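These are the residues of each chain, in order.
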Amino acid sequence: MNTSYILRRLFYGLLLMLGVVVLNFLLIRMAPGDPAVVIAGEMGGATEEMLESIREEYGLNKPLLVQLGIYIGDIARFDLGESFFFNQPVTHLIGLRIGPTILLVVTAQLLSIVLGVFLGVIAARKPNGIMSAFVSVFATIGYAVPVFWTGIMLIILFASIVPIFPVEGMQSVRLRDANVFVKALDILHHLVLPAFTLAIIYLAQYARLSRASMLEVLGSDYIRTARAKGASEKSVLFKHALRNAALPILTVAGLQFGNLISGALLVETVFNWPGMGRLAFDSILRRDYPTIMGVLFFASFMVVIANILTDLSYRLADPRLRGR
Amino acid sequence: MSALLEIDDLRVTFGTRYGEVTALDSVSLHVDAGETLGVVGESGCGKSITALSVMGLIPQPPGKIAGGSIRLNGEELIGANPARLRGLRGGDVAMIFQEPMTSLNPVFTVGDQIAEAIMLHQNVDKAQALKDAIALLDRVGIPSPDARARDYPHQLSGGMRQRVMIAMAVSCRPKVLIADEPTTALDVTVQAQIFDLLNEIQRDFGAAIVLITHDMGAISEMADRVAVMYAGRVIEEASADDVLDYPQHPYARGLIDCIPALGRDDHRLAEIPGVVPPLHLLGAGCAFAERCAHKQDRCGLEKPLLAAHGHHPVACHGIEEGRI
């Protein structure tokens with residue numbers, strides 16, 4: 001893997017982000033309604049004079065292109081503006097919430113990949129076995145069930161029937177003064193249900209995909225070679241086959257990352273998880289443009305980063321892609 | 001004294017959608033140290049199945065070893081425990097496959113792949129195994145073996161890859177080396193080099209070679225003894241010179257006639273009419289009967305047995321009755 005490739009890839013990522021910023025800006029501005037009216041409404045009624053001063057203050061009276069230019073310039077300085085509703089800098093609002101969202105999304109992603117791939121490999125070992133049938137059924141169900149439904153069912157199950165996992169929030173109030181270790185455990189405990197809820201669709205998908213991918217790879221000549229040199233079944237499956245079968249899984253994992261983030265929005269709402277999803281939800285309801293755009297910006301940023309990482313890991317996994 | 005590798009009355013069946021078919025029917029072969037046995041026949045006649053049976057690599061199911069015995073140095077391999085078979089595979093019995101382009105794992109360097117075979121069977125560390133691997137690459141005639149060991153399969157030509165396969169196969173000084181159409185996918189000039197290499201390696205290591213091929217040229221160059229297979233049975237077996245100069249079975253004669261000769265002014269190549277019948281359609285009689293110019297009633301009713309009639313062992317009613 002060479003540095004020039006990484007730099008080139010980062011440059012494309014930057015261009016992509018610029019495109020996202022422009023699109024976000026234009027889409028939001030095209031939505032009907034006057035933000036000045038909304039802000040004035042929050043302040044409790046408005047005169048024409050007040051609206052004018054609000055437009056002046058937020059620069060809403062300038063031509064659209066000038067506003068866009070200013071917005072891009074601000075973003076370049078990591079200034080996402082001031083929330084109309086919260087009266088705080090958007091970066092501050094997002095800064096408070098991005099941690100929980102990243103924690104949730106990354107946990108769900110890892111959980112779904114690791115568990116999904118493991119199930120897929122086991123299923124591929126005996127394509128006509130019970131495990132294989134289980135994976136197929138589980139994958140179909142997991143894929144068909146919407147996240148909010150899974151979430152609500154899990155809440156019902158764990159809130160009243162077997163109350164072993166907390167069904168709401170990220171931290172217990174009573175542990176506010178506990179030490180870091182206890183707090184971390186508490187957060188992990190709270191993380192179980194939202195992460196599992198978010199992971200289940202993708203888990204099912206990865207299980208199915210890795211089963212198919214493994215079955216294809218296991219039929220290839222180099223697997224026969226591996227067996228012919230006396231490699232153990234474990235080594236054949238997890239070393240020789242999985243490394244090759246991982247390529248399509250990586251691709252899908254990269255592509256799904258965006259969906260995972262939008263799924264996180266729903267899951268955060270269901271479990272009252274204090275992440276960006278809640279912030280997006282609240283700011284959309286309140287027409288809080290700077291915050292919406294800030295959330296969109298960060299979500300796209302995470303997706304672009306995830307895609308760059310996917311591309312790089314692809315090259316790590318498959319030597320045939322290197323040096324191109 | 002018994003031979004190094006003895007296959008005795010081996011019967012292998014496969015479950016297919018037409019029901020159970022017999023892929024190998026009482027196949028008996030043997031090969032001694034330092035000897036090269038050629039196994040010839042058209043595609044689908046059971047050559048590769050024979051080889052895979054010795055390696056213990058018949059996929060079960062759908063395959064099944066229904067009877068017979070395979071003995072290496074007197075040790076029975078059929079029914080031996082899997083760990084013991086793994087120890088033999090790549091150790092005492094090694095195999096070179098037909099497809100050098102796809103028989104190496106694309107995601108590992110060739111050095112690593114050879115080193116893996118060494119480490120599986122010898123008590124050496126990775127560094128030593130890699131050193132041995134490089135020495136082997138040198139031995140099989142790969143220039144600058146140090147650099148090539150760090151290459152991935154896609155960076156090598158077909159001939160180079162087959163040399164790598166040979167290096168891997170001989171890495172643990174196998175007693176029996178099975179070469180399944182090792183040159184089919186290669187250019188003619190490269191074929192000759194590979195045969196030279198196999199001959200040298202046999203001289204150096206004293207291995208028995210089982211050369212599976214449909215190329216009579218390869219047989220004349222390499223083999224000491226030849227077994228001709230047809231539809232899962234050995235139909236003629238003798239020294240290479242005898243088979244090439246005095247083929248008995250009508251099928252063996254056909255194979256020899258198919259060899260194009262330079263300087264022979266033929267306008268058409270000889271051919272054997274028809275194709276090997278699908279295994280599920282084999283009747284009670286001689287499998288070759290439908291394609292045979294000397295067919296008589298008995299041929300369609302009764303399977304001929306391999307027995308010495310005149311020159312050398314052959315399974316043919318016509319020869320037995322002295323009418324061919």
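Everything below is about the structure printed above this text.
Rules used in this analysis
Within each chain, residue numbers correspond to sequence positions counted from 1 in written order. Chains and ligands are labelled sequentially in the order written, the chains with letters from A and the ligands with numbers from 1. With the structure being a predicted model, the display of local features is reserved for residues of pLDDT at least 70 and the display and counting of side-chain atom pairs for 80 or more, all residues being used for whole-chain, interface and lining totals. The basis for every side-chain value is the complete set of heavy atoms in the structure, and neither hydrogens nor water enter the calculation. We call a residue buried when its accessible area falls under 20% of the maximum for its residue type, exposed when it is over 50%, and partly exposed in between, using a 1.4 Å probe and counting protein chains only. For helices the rule is a DSSP run of H or I covering at least 4 residues; for strands it is a run of E covering at least 2, with both sets numbered from the N terminus onward. Here a residue-residue contact requires only that any non-hydrogen atoms of the pair lie within 4.5 Å. DSSP calls a pair of strands paired once it identifies at least 2 bridges connecting them. Every axis corresponds to a line fitted to the C-alpha atoms, with the helix fit spanning only the stretch in contact, and the corresponding angles, defined between N-to-C directions, vary from 0 to 180 degrees. Only residues whose relative accessible area exceeds 30% and that form no salt bridge enter a patch; like-charged residues are grouped when within 9 Å of one another, and nonpolar side chains (Val, Leu, Ile, Met, Phe, Trp, Tyr) when within 5 Å. We get accessible surface area from the Shrake-Rupley algorithm with a probe of 1.4 Å; when it comes to residues, only the shown protein chains can shield them. Whenever a carboxyl oxygen of Asp or Glu lies within 4 Å of a side-chain nitrogen of Lys or Arg, that contact is scored as a salt bridge. Polar contacts, as counted here, are pairs of nitrogen or oxygen atoms within 3.5 Å of one another; within protein the pair requires one atom able to donate a hydrogen and one able to accept it, and residues that are adjacent in sequence qualify only if both atoms are side-chain atoms. Summed over both partners, the accessible surface that disappears when two parts come together, traced with a 1.4 Å probe, is what is meant by buried area.

A.B. asks: For helix H10 (residues 250-257) of chain B, give the residues involved together with the corresponding values.
C.D. replies: Residue and element names in this part refer to chain B. Where burial is concerned, most of H10 is hidden: six out of the eight residues are buried. Those residues of H10 not exposed but buried are Pro250, Tyr251, Ala252, Gly254, Leu255 and Ile256. Buried positions along H10 lie against strand E3 (36-40), helix H8 (216-222), strand E9 (225-230), strand E10 (233-239) and helix H9 (240-245).

A.B. asks: An account of the sheet that holds strand E1 (residues 5-16) of chain B is needed here, citing residue identities and associated values.
C.D. replies: Where strands meet in a sheet, backbone hydrogen bonds hold them as pairs that are either parallel or antiparallel. Residues and elements named next belong to chain B. Pairing is antiparallel across the open sheet formed by four strands, whose spatial order is E2-E1-E4-E5. Strand pairing shows two members of the sheet lacking a second neighbour, strand E2 (19-31) and strand E5 (75-76), which therefore form its edges. Direction of pairing for E1 relative to E2: antiparallel, over a ladder of nine bridges. Note that in E2 the partner of valine 12 across the bridge is leucine 24. Across the sheet, helix H1 (residues 47-55) touches E1, E2 and strand E4 (63-72), and the angle it forms with E1 is around 110 degrees.

A.B. asks: Go over a nonpolar patch on the surface with me, naming the residues and quoting the values.
C.D. replies: All names here are of chain A. A cluster of nonpolar side chains, contributed by Phe148, Trp149, Ile152, Met153, Ile156, Leu157, Ile161, Val162, Ile164 and Leu266, occupies part of the molecular surface with about 890 Å² of accessible area. A per-element tally of the nonpolar patch places helix H7 (residues 147-161) first, with seven residues. Looking at the element boundaries, isoleucine 164 is found in the loop between H7 and helix H8 (180-218).

A.B. asks: Which residues make up the side chain of glutamine 162 of chain B, and what values do they have?
C.D. replies: All names here are of chain B. Topologically, glutamine 162 is positioned in helix H6 (residues 158-170). Overall, glutamine 162 belongs to the buried group, its relative accessible area being 0%. Engagement of the side chain of glutamine 162 in a polar contact is seen with the backbone oxygen of proline 182, the distance being 2.7 Å. Residues in contact with glutamine 162, not counting those within four places in the same chain, are Ile96, Phe97, Gln98, Pro100, Pro182, Leu186 and Ile194.

A.B. asks: Kindly report on the pairing of E4 of chain B, identifying the contributing residues and their values.
C.D. replies: Walk down a regular strand and you will see the side chains alternate between the two sheet faces. All names here are of chain B. When E1 meets E4, the two strands line up antiparallel, connected through eight bridges. Along E4, the bridge assignment pairs phenylalanine 14 with glycine 63. Bridging between E4 and E5 involves two bridges; their strand directions are antiparallel. Of the residues in E5, the one forming a bridge with leucine 72 is glutamate 75. Where E4 folds back on E5, the antiparallel hairpin that results is connected by two residues, among which asparagine 73 adopts a positive phi of roughly 55 degrees.

A.B. asks: Please give an account of the interface of chain A and chain B that cites residues and values.
C.D. replies: On the chain B side, the residues contacting the 19 residues of chain A number 24 residues. When chain A packs against chain B, close to 2,000 Å² is buried across both sides, 59% of that on carbon and sulfur atoms. Contact with chain B buries area across many residues of chain A, yet Arg224, Ala228 and Lys229 of chain A alone supply 29% of it, more than any other trio. Our count for the contact surface shared by chain A and chain B stands at two salt bridges. Where glutamate 116 of chain B meets lysine 229 of chain A, a salt bridge forms, and the shortest distance between an N and an O atom there is 2.8 Å.

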